[in-house]
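A closer look at the structure
Here are the chains, one letter per residue:
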Amino acid sequence: MPLLMALCIVVGILIGNFYANHFSGNRLNIINSGSNRLTNLLHIIDDQYVDKVNIDSLVNNAIPLILSELDPHSVYISAKDAQAVTDDLKGSFTGIGVEFNIRQDTIHVQNVVKNGPAERAGLLAGDKIVTVDGKPFVGKAVNNQEAMRRLKGPKDTKVRVGVVRYGSSKVHDFTITRGEIPQKSISATYMIDDNTGYIRIKNFGETTYPELLISLATLSQSGFSNLIIDLRDNTGGFMTSAIQMANEFLPKNKLIVYTQGRKSPKQEYRSDGHGSYQKIPLVVLINEGSASASEIFAGAMQDNDRATIIGRRSFGKGLVQQQIGFPDGSIIRLTIARYYTPSGRCIQKPYVTGDDKDYEQDLITRYEHGEYFSQDSIKHTGPAYHTGIGRVVYGGGGITPDIFVAEDTLNITSYYKEASMSGLILQFAFSYTDDNRLKLNNFKEMMAMSDYLVKQNTVELFASYADKHGLKRRNLMIKKSHKLLERFINSRIIYNILDEEAWNEYLNLEDPTVKAALNVFKNHAAFPKKPLGKTVKVRKANEK
């Protein structure tokens, strides 16, 4: 009996090896061979290299290089960066609840979160944080990463900060109990005119859909009959949130998006017909900064002929990542599938495996080719598809809007470019805010503050400030770019004193893309019309 059992085991091993080698194409052996080489290499370096080597650091540097050979969106995130990256989409983080910037090696509190830990402890916008937990925190040691490390922390832990308040040299001590700070993905909800509601969505996080429902309920109380959803510069986030949001506007059983990959079977996501806003006229705003989940939503609305898309061609990210964590807290985001809009198009723009240079330069290349200024300059690299009613749409490089709005460059001068790109406008706006905070705090409405700032001639004040800080005055250029300078400067002051919604509202006053949206509603053209001419065969989502 023992001999017979031993013989059976040997035969089983031989048969197993035979099938593994001949029916799996030796793939398992190849993977094991590759991983063994990497493991052996690390052991050899650790054991025999001439100098002592930090193996963890070596691995951290090697993993991104391996992933870079796959596609531009498969990435490695180290343990120390993982928390900050995931916080952006989780809807909250733990901290003290202040928005700050660093000027002259000192933390300046720009805004205090309403009802947050810092406000409850007594901190005010304009305060300068000079000590943390009894130790000085000024000078070269002050940078954004170190400030975040000292001020953020686990919930219910305490941090003591020393603050110098405007008009005083005395240091005031405050003990703040850290708490949950909401991270809202919707930055503005308001009535843009008597009939039109406006919602600005910054990203697609865990709380985006419930935030949307709250925004829609708020607009309903004001009696809105048209809706603008602004996704410009929204780089995406969770696909699930975009699907939930699209469901709110589509009739039952409409395809929203589907995904498919080598190891990921095709999965369709359809509307359930429970959305409360299936009939409201809708316009979606996009630009070259709109990516991923933004493109899922915009593509679903466009392919189902549910909304008019206005702006400029979107980024073109059609790859789906799965987040996988390692025991040390680091994570990888690995591309496992592509997503396809309802017409069947993948809007992922072209890339060369292992070469991110051209991919990263794509938006600059578009600018140089004139795409931001002329719709005729848009180059479609993918095939033509058709929407439900037969309108032509293209894959292979973002969502092309139904109505193109060029970037306004008429009054841009080299002076304006240097003023904005150097950070001088932001620095001036904060200094002006700080010096005039007592007066500015009296304004509670955006329009009243805007009218006041125009009378203060902030452009002239900025020109004098900039001249003292290395940007030589150019009177003719300042005159030509006066409106742009005034808009940028005053918007930042409004942001510093009021909030992000007021900032958006101010910028939208003269925004050509918003004006184009309002014109669509005026002409009752939010729902796309069937193209005239010969009948076209509609390519369905499941057709190759």
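Every value quoted in this text rests on a predicted model; they were computed, and no experiment measured them. (Residues numbered from 1 in each chain as written. Predicted model: local features only at pLDDT ≥ 70, side-chain atom pairs only at ≥ 80, totals over all residues. Heavy atoms only, no water.)

1. A closer look at the overall build of the protein
Check the secondary structure of the protein and you find 20 helices and 21 strands. C-alpha extents for the protein along the principal axes are approximately 100 × 75 × 45 Å. Counting every position in the protein, which comprises 544 residues, the buried fraction comes to 45%. Of the contacts formed within the protein by residues at least 6 apart in sequence, a portion of 69% connects residues at least 24 apart. Of the roughly 29,200 Å² that the protein leaves accessible, carbon and sulfur atoms contribute 54%. Taken as two groups, the 66 positive and 58 negative side-chain charges of the protein have centres that lie 3 Å from each other. (Helix = DSSP H or I, 4+ residues; strand = E, 2+ residues; numbered from the N terminus. Buried < 20%, exposed > 50% of the residue type's maximum accessible area, 1.4 Å probe, protein only. Contact = heavy atoms within 4.5 Å. Areas by Shrake-Rupley, 256 points an atom, 1.4 Å probe, with all protein chains shown as cover. Lys, Arg positive; Asp, Glu negative; His and termini not counted. Charge placed at Lys NZ, Arg CZ, Asp CG, Glu CD.)

2. Comments concerning helix H3 (residues 55-67)
Its 13 residues give H3 an end-to-end C-alpha distance of 18 Å, which sits within 8% of 18 Å, the value for a rise of 1.5 Å per residue. Structurally, the start of H3 carries an N-cap: the backbone nitrogen of Asp56 is 3.1 Å from a side-chain oxygen of Asn54. (Expected span 1.5 Å × (residues − 1). Polar contact = N/O pair within 3.5 Å; in protein donor to acceptor, adjacent residues only side chain to side chain.)

3. Quick notes on the packing of helix H12 (residues 414-421) against helix H18 (residues 482-497)
It is the contact of H12 with H18, at a shortest axis distance of 10 Å, that shows an interaxial angle of 10 degrees. Here H12 lies roughly parallel to H18, going by the angle between them. Counting all contacts with H12, which are made through Tyr415, Tyr416, Ala419 and Ser420, the residues of H18 involved are Leu484, Leu485 and Phe488. Here the residues of the contact of H12 with H18 sort into six nonpolar, one polar and no charged. (Axes fitted to C-alpha atoms, helices over the stretch in contact; angles between N-to-C directions. Parallel < 35°, antiparallel > 145°, perpendicular 65-115°, else oblique. Nonpolar A, V, L, I, M, F, W, Y, C, P; charged D, E, K, R; others polar.)

4. Section: the packing of helix H13 (residues 424-435) against H18
The interhelical angle for the contact between H13 and H18, taken along N-to-C directions, is 50 degrees, at an axis separation of 9 Å. By the criterion of interaxial angle, the relationship of H13 to H18 is oblique. Regarding H13 and H18, the two cross each other, and that crossing is right-handed. Contact residues: Ile425, Leu426, Phe428, Ala429, Phe430, Tyr432 and Thr433 in H13; Leu485, Phe488, Ile489, Arg492, Ile493, Asn496 and Ile497 in H18. Classifying every residue of the contact of H13 with H18 gives 11 nonpolar, two polar and one charged. (Left-handed = near helix turned anticlockwise from the far one by under 90°.)

5. Let's talk about the nonpolar core
If you look at the biggest cluster of nonpolar residues, it comprises 39 residues, and the most contacted ones within it are Leu227, Ile229, Phe249, Val284, Phe297 and Met301. For this core, the elements supplying multiple residues, two or more each, are strand S11 (196-201), helix H7 (208-221), strand S12 (226-230), helix H8 (239-247), strand S13 (255-260), strand S15 (282-286), helix H9 (293-303) and strand S18 (331-340). A per-element tally of this core places H9 first, with six residues. Leave out the neighbours within four places in its chain, and Phe297 touches Ile229, Leu231, Ala242, Met245, Ala246, Phe249 and Val284. By size, the runner-up hydrophobic cluster in this structure holds 31 residues, among which are Leu424, Ile425, Tyr452 and Ile493. (Core = buried A, V, L, I, M, F, W, Y, C linked by side-chain atoms within 4.5 Å.)

6. Notes on the packing of aromatic side chains
Counted according to the given criterion, the structure contains 12 aromatic pairs. Between Phe224 and Tyr277, the aromatic rings sit 6.0 Å apart at their centres with planes inclined by 40 degrees, giving tilted as the arrangement. On the criterion of sequence distance, the pair formed by Phe224 in the loop between H7 and S12 and Tyr277 in the loop between strand S14 (267-270) and S15 is long-range, its members being 53 residues apart. The same class applies to Phe224 as to Tyr277, namely buried. Measuring from centroid to centroid gives 6.4 Å for Tyr372 and Phe373, while their planes differ by 70 degrees, and the two rings are edge-to-face. A relative accessible area of 31% means that Phe373 is categorised as partly exposed. Among the aromatic residues, those joined into a ring-pair cluster are Phe428, Tyr432, Phe462 and Tyr465. The ring of Tyr372 carries the charged tip of Arg312 above its face, separated from the ring centre by 5.7 Å. (Phe/Tyr/Trp six-rings, centres within 6.5 Å; stacked < 30°, edge-to-face > 60°. Lys NZ or Arg CZ within 6 Å of the ring centre and 35° of its normal.)

7. Details of unusual backbone geometry
Backbone geometry at Asp156 places phi at a positive 75 degrees, although glycine is not the residue there. Position of Asp156 relative to the elements: it lies in the loop between helix H6 (144-151) and strand S7 (158-164). Taking relative accessible area as the criterion, Asp156 reaches 56% and is therefore assigned exposed. Even without being glycine, His524 reaches a positive phi, approximately 55 degrees. Here His524 lies in the segment after helix H20 (512-522). The class of His524 is exposed, set by a relative accessible area of 69%.

8. Digging into the pattern of salt bridges
For the coordinates displayed, the defined rule picks out 22 salt bridges. With a shortest N-O distance of 2.6 Å, Asp303 and Arg345 are connected by a salt bridge. Highlighted residues: Asp303 in helix H9 and Arg345 in the loop between S18 and helix H10 (357-360), separated in sequence by 42 residues. Per residue, the accessibility class of Asp303 equals that of Arg345, and both read buried. Salt bridges here are not isolated pairs; linked through shared partners, they connect Arg313, Lys349, Asp362, Arg366 and Glu371. (Salt bridge = Lys/Arg side-chain N within 4 Å of Asp/Glu carboxyl O.)

9. Regarding the sheet that holds S15
In a beta sheet, neighbouring strands are held together by backbone hydrogen bonds and run either parallel or antiparallel to one another. The six strands lie next to each other as S10-S11-S12-S15-S16-S21, forming an open sheet whose pairing is mixed. Edge positions in the open sheet fall to strand S10 (186-191) and strand S21 (403-404), since each of these has one partner strand only. One ladder, built from four bridges, connects S15 with strand S16 (residues 308-311); its direction is parallel. Bridge assignment links Val283 to a residue of S16, and that residue is Thr308. Relative to S15, H9 is tilted by about 140 degrees, and along the sheet it contacts S12, S15 and S16. (Pairing = 2+ DSSP bridges.)

10. Comments concerning H13
Given a rise of 1.5 Å per residue, 12 residues ought to cover 16 Å, and the 16 Å separating the end C-alpha atoms of H13 matches this to within 8%. Across the 12 residues that make up H13, a large majority, nine, are buried. Regarding H13, the residues found buried are Leu424, Ile425, Phe428, Ala429, Phe430, Ser431, Tyr432, Thr433 and Asp434.

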